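# Coordinate inspection notes
Here is how the chains run, residue by residue.
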Amino acid sequence: MKVTLLLKDFFLGSTWPTSWYIMATVIGIIAIRFLNKYLNDAIIFAVALLFYLICLFSTNYSFMVEEGGAVKKLIDLLGAPQNNFCVSLIWLMCGKTVAKYRLHEKWKTRSILIGLTVALSLLLIEHFELKIFGVWSDTLNDCYIFSVPVAFLIAISILSRNDVIKNGMLLRRMSTVIYCSHFFIAIFVKKLVLILQVPNLLNCTVYFITVIICVVLAYTVVYVGKYIKVLRLLY
């Protein structure tokens, strides 16, 4: 029984709050490679979209799910789909599609920017519609309908440029530290803001303080890591 529970949590559970996506991506890559032996990309993409739809219903759109209904049972069966390999499938397929069909070389910059502007506008409308009109889910997550086209077009836009990022390795190392620490820092900052009764309009105060602390911490860890070898394991 304990072994079964362990396997379920390994594949379907959320591991560490800010590093679950690393394991989810590994499992997702294996799943896609397996499916690729029997299905074409279009079908796999459709499957990935279906799993992402389940992630939407388990988070920001959970108010649309009937308690005890078939969708709710499916969500419970998948554990935490928004925090396991289920949600990684769509992002992996987006990346695979861009790389395989070289979309960043075929799509014109103007078309990408127009598409990105429209998609980003719709994402903001979706966010504030959920926020303002009182249908905001208690299971807040970053799973939005328009997150997919926005991320997809941002990736294409970045890849279509030939710019060289100065200090790219430094940014990569810092991003790893920030990725694994921002959740706990945000919780600390949020509690501190509440204790000190600092105005937190639309969570902007918590956001900006968290960003500053994360950047300073990440840079410090990477810089000190030049002299202390064990710190390099963090990134």
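First things first, this report covers the structure right here in the doc. Please read all numbers here as calculations on a predicted model, not as lab measurements.

### Notes on the nonpolar core
Formed by 37 residues in total, the largest nonpolar core has its most connected members in Tyr-52, Val-87, Leu-89, Ile-90, Cys-143, Phe-152 and Ile-156. Secondary structure elements with two or more residues in this core: helix H2 (20–36), helix H3 (41–58), helix H5 (85–101), helix H7 (109–132) and helix H8 (147–159). Setting aside residues no more than four positions away along its own chain, Val-87 makes contact with Trp-20, Tyr-21, Tyr-52, Cys-55, Pro-81, Gln-82 and Cys-143. Met-174, Val-177, Ala-218 and Val-221 belong to the second largest nonpolar core, which has six residues in total.

### Points about the packing of H5 against H8
Contact geometry for H5 and H8: axes closest at 11 Å, N-to-C directions at 35°. Classified by chirality, the crossing of H8 by H5 is right-handed. Touching Ile-90, Trp-91, Cys-94 and Val-98 of H5 are Ser-147, Val-148, Ala-151, Phe-152, Ile-156 and Leu-159, all from H8. Residue composition of the contact of H5 with H8, grouped by class: nine nonpolar, one polar and no charged.

### Notes on a positive patch on the surface
A cluster of like positive charges, contributed by Arg-172, Arg-173, Lys-226, Lys-229 and Arg-232, occupies part of the molecular surface. With respect to the element layout, Arg-173 can be found in helix H9 (residues 168–196).

### Some thoughts on the packing of aromatic side chains
Here the structure, examined in full by the defined rule, presents eight aromatic pairs. Here the aromatic rings of Tyr-52 and Trp-91 are separated by 5.9 Å at their centres, their planes lie at 85°, and the arrangement is edge-to-face. Residue Tyr-52 is located in helix H3, and its partner Trp-91 is located in helix H5; the two are separated by 39 residues in the primary sequence. A network of ring pairs unites the aromatic residues Tyr-219, Tyr-223 and Tyr-227 as a single cluster.

Reading the values: rules and limits
- Numbering of residues starts from 1 in every chain and runs along the sequence as written.
- With pLDDT at 70 or above as the cut-off, local features in this predicted model cover only qualifying residues; side-chain atom pairs require 80 or more to be listed or tallied, and sums for whole chains, interfaces and linings still use all residues.
- To get the side-chain values, all heavy atoms of the structure are used, and hydrogens and water are removed first.
- The nonpolar core is taken to be a set of buried Ala, Val, Leu, Ile, Met, Phe, Trp, Tyr and Cys residues, with the residues joined through side-chain atoms within 4.5 Å.
- Exposure classes here rest on a 1.4 Å probe applied to the protein chains alone. A residue is buried below 20% of its type maximum, exposed above 50%, and partly exposed in between.
- In this text, helices come from DSSP runs of H or I with a minimum length of four residues, and strands from runs of E with a minimum of two, each type numbered from the N-terminal end.
- Contacts are residue-level and defined by heavy atoms, with any inter-residue pair within 4.5 Å sufficient.
- Axis definition: a line fitted to C-alpha atoms, over the contacting stretch in the case of helices. Angles run 0 to 180 degrees between N-to-C directions.
- Each helix crossing is assigned a hand: it is left-handed if the near helix lies turned anticlockwise from the far helix by less than a right angle, otherwise right-handed if that turn is clockwise.
- For this classification, the nonpolar set comprises Ala, Val, Leu, Ile, Met, Phe, Trp, Tyr, Cys and Pro, the charged set comprises Asp, Glu, Lys and Arg, and every other residue, Gly included, is treated as polar.
- Candidates for patches are residues over 30% relative accessible area with no salt bridge; among them, like charges are joined within 9 Å and nonpolar side chains (Val, Leu, Ile, Met, Phe, Trp, Tyr) within 5 Å.
- Each accessible area is a Shrake-Rupley result for a 1.4 Å probe, and residues are judged covered by the shown protein chains and nothing else.
- A pair is scored as a salt bridge if a Lys or Arg side-chain nitrogen falls within 4 Å of a carboxyl oxygen belonging to Asp or Glu.
- Charged residues are defined narrowly, with Lys and Arg counted positive, Asp and Glu counted negative, and His plus the chain ends left uncounted.
- Charged groups are reduced to one reference atom each: NZ for lysine, CZ for arginine, CG for aspartic acid, CD for glutamic acid.
- Think of it this way: a Phe, Tyr or Trp ring, Trp meaning its six-membered ring, pairs with another when their centres are within 6.5 Å, and the plane angle makes it stacked under 30 degrees, edge-to-face over 60, tilted otherwise.

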